[in-house]
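Working through the structure, step by step
Listed below, chain by chain, are the residues.
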Amino acid sequence: MDPLDFLKSEELLQVFHCHKTEMSCYESPTIFINQLRDHNLIPEDSYKKFTRMKSKDRIKQAFYALLNSLEKNQSQHIEVFWRCVFKETIMNQYPHLRLLRNSLLDGSFRDYTQLPEKIEKEESAEGKRKEMSEDEEEEETQANSVKKKKKRKRKIVLDEEEEPSVSSCKLTPIQRKKSKKVLFSSPLKRGEKGKIWTWPLYKFQIPVTCGKKEGMLNRDRLAKGEKCIAVGREWFTPPQFESFAGKEHCRSWKTSIRCENVCLGKLIKEGHLKSAGFIVRSKTAKRLLFPSDLITVCEGEDEEEDEEEEQGSSSRKANVSDEEEQEVEQAEQHPDVSKKVFNVTCGTKAATLHVKRFASGDCGKSIRTETSWMTPLEFVTWASHQTDPLWRRDIMWEGNPLSVLTEERILQMHSRNCSCELCIPGLKDWENQKNDDECFICKREEGEELVVCDICPLSFHQKCHLPPVDIILGDKSRWMCTFCEFRTAQKWMFGEEMEREAAMSGQISQHMMRCQYLLLYLLSADKEQHFATNPSLYLKDYSTIIQMPMWTGKVTDKLQNNLYQTVGEFASDVQLIFANSAFYNQGNDGFLTMSNKLKELFDSELMKVFNIREESDD
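Residues numbered from 1 in each chain as written. Predicted model: local features only at pLDDT ≥ 70, side-chain atom pairs only at ≥ 80, totals over all residues. Heavy atoms only, no water.

For the rest of this paragraph, the subject is the overall build of the protein. Along its length, the protein carries 27 helices and 14 strands. Expressed as a percentage of the 618 residues in the protein, the buried residues total 39%. Sequence-distant contacts, at least 24 apart, represent 57% of the contacts inside the protein between residues at least 6 apart. Of the roughly 38400 Å² that the protein leaves accessible, carbon and sulfur atoms contribute 49%. (Helix = DSSP H or I, 4+ residues; strand = E, 2+ residues; numbered from the N terminus. Buried < 20%, exposed > 50% of the residue type's maximum accessible area, 1.4 Å probe, protein only. Contact = heavy atoms within 4.5 Å. Areas by Shrake-Rupley, 256 points an atom, 1.4 Å probe, with all protein chains shown as cover.)

With that settled, the discussion passes to helix α23 (residues 512-525). For α23, with 14 residues, the first-to-last C-alpha span of 20 Å sits near the 20 Å given by 1.5 Å per residue. All of the buried residues in α23 are M512, R514, C515, Q516, Y517, L518, L519, L520, L522, L523 and S524. (Expected span 1.5 Å × (residues − 1).)

Moving on to the confidence of the model for the protein. Averaged over the protein, the pLDDT score is 75; the fraction of residues at 70 or greater is 72%. Within the protein, no element has a lower average pLDDT than helix α15 (residues 313-318), which sits at 39, and none a higher one than helix α26 (residues 567-584), at 93. In the model, residues 122-135 has pLDDT below 50 throughout and makes four contacts with residues more than four positions away in sequence or in other chains. Within the model, the stretch residues 155-193 combines pLDDT values under 50 with eight contacts to residues more than four positions away or in other chains. (pLDDT = per-residue confidence, 0-100.)

For the rest of this paragraph, the subject is helix α4 (residues 56-73). With 18 residues, α4 extends 25 Å from end C-alpha to end C-alpha; this agrees with the ideal 26 Å at 1.5 Å per step. Taken as a whole, α4 has its buried residues at I59, A62, F63, L66, L67, L70 and E71. Where α4 is buried, its residues contact α1 (9-24), α2 (30-38), α3 (44-52) and α5 (78-85).

Cis geometry marks the peptide bond from L466 to P467, where omega comes out at -5°. Residue position: P467 is located in the loop between β14 (459-461) and α21 (482-493). The backbone of Q529 sits at a positive phi, close to 55°, despite the residue not being glycine.

Encoded structure:
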């Protein structure tokens, strides 16, 4: 659902008025300004002046002036403004815009857009003057004339006193007038610390740091246990952000991640933040049977850490502080069930268990195999062929039976009287359980409605699939995704092995399905969507280092618009993505490793899809 479809222009304009200062504070507003220019929302001469500015302060002032001008002169185009900045690419670059869109969607923007009436000093003064009687006006005129005469006399006296003597033309320090200083008083008293997490400005997100890394923490995402810290266009969970900052040795994100030098653990304890459990490795574990990476432990303040270090490693392992026990109990009472996925096995069969789909052994298709969704009982029956299976005993997770998760209340059993859609599903709910809850390509649930494959459990957004799905949602006709079409066609498609040169010189029109399958395979493997968009949009120096930028989104557009003649041209563009990444990220070992793995996956699948003969070392 798009909030712009049901909100009035007055409401959109009020939200713009209340947030234009925040938008003007964006660190790198160039992309934002470019988007406004592309939609004819700012004058060309103003845009050129803006691009020539280098001072950050002047850029922010000019940015605010542009937004202010847009509000005054083009208020009729406010809907065009929000539509152009609510594009997915722009929101990835500026997470604050996504928060604004969410507030428009859930109506929470009304909590902070109720402003008092604007007071104009000049108008109020004129109003008072009109209400004055003629006698009062005469009295005021006489008083003003008296004041003017006094000022003239005072000025003459000062001029006579300040006339320079013949011997010296300089004023002594006593004679020199003191200039009045303009004082900008702070709303905080001396010695009082600014608790920015209580400011209305940071109602939805707060700035955080970990070491030298900075980010913005989304309060709602933290409470849901999702990736909640944005750094540029990347989202991290708190443990991932801690590792990103090089502080993984701390193993306690609640103390290593701070807001204004106050650790998040303290803010959570005082109720300023709400947090679900995150999967991290803690320093101490209460139970050896249940691995410690499922319990988030908040360590004490810096002074408590120093005391624990003095006590020695043996005492640290034996004793758990009261605060840590309280955090562990809280994590057990309120387990994170929003995004957890566990790798499970039964005999030789492997699958993944999704907590949010779990209801009981025979309710809720919570176990995902390569080909279908199953209930725990169905999975055990399929994997072990037992006539009387015990799913809590036979399904294993990291060497432990699944009963460990139920005992620890990570998996919560629904009662027999439960009437939720998992326990008593309607026909539509039962059908929905057969397919994934998120798009197989972009890994997101939000956005457009998902189109589900009738053969396999995959789901897609219509634009994410290749070719794009043009069927009408709600149509009961069966639909098969490209992955299933390719597997079906493999039976007659493969013949003798081909030389690489012959495969690459083939006309792409004759191999369109293979290329679409390869590109979808690569897009789904790039889980964080690192190569999906133009790197020049979020890396300032990228275009100066890389002469020919390439990304999977551009390859997709060229493939769909028939701009490739041969398979080799298509494969070359994909290889260019990885070549650019290797050149630009020299010294970034982590990113290079990830990029090389994707390259190897694509090369290996390319060989299989076109049945290319492996070249011998000779």
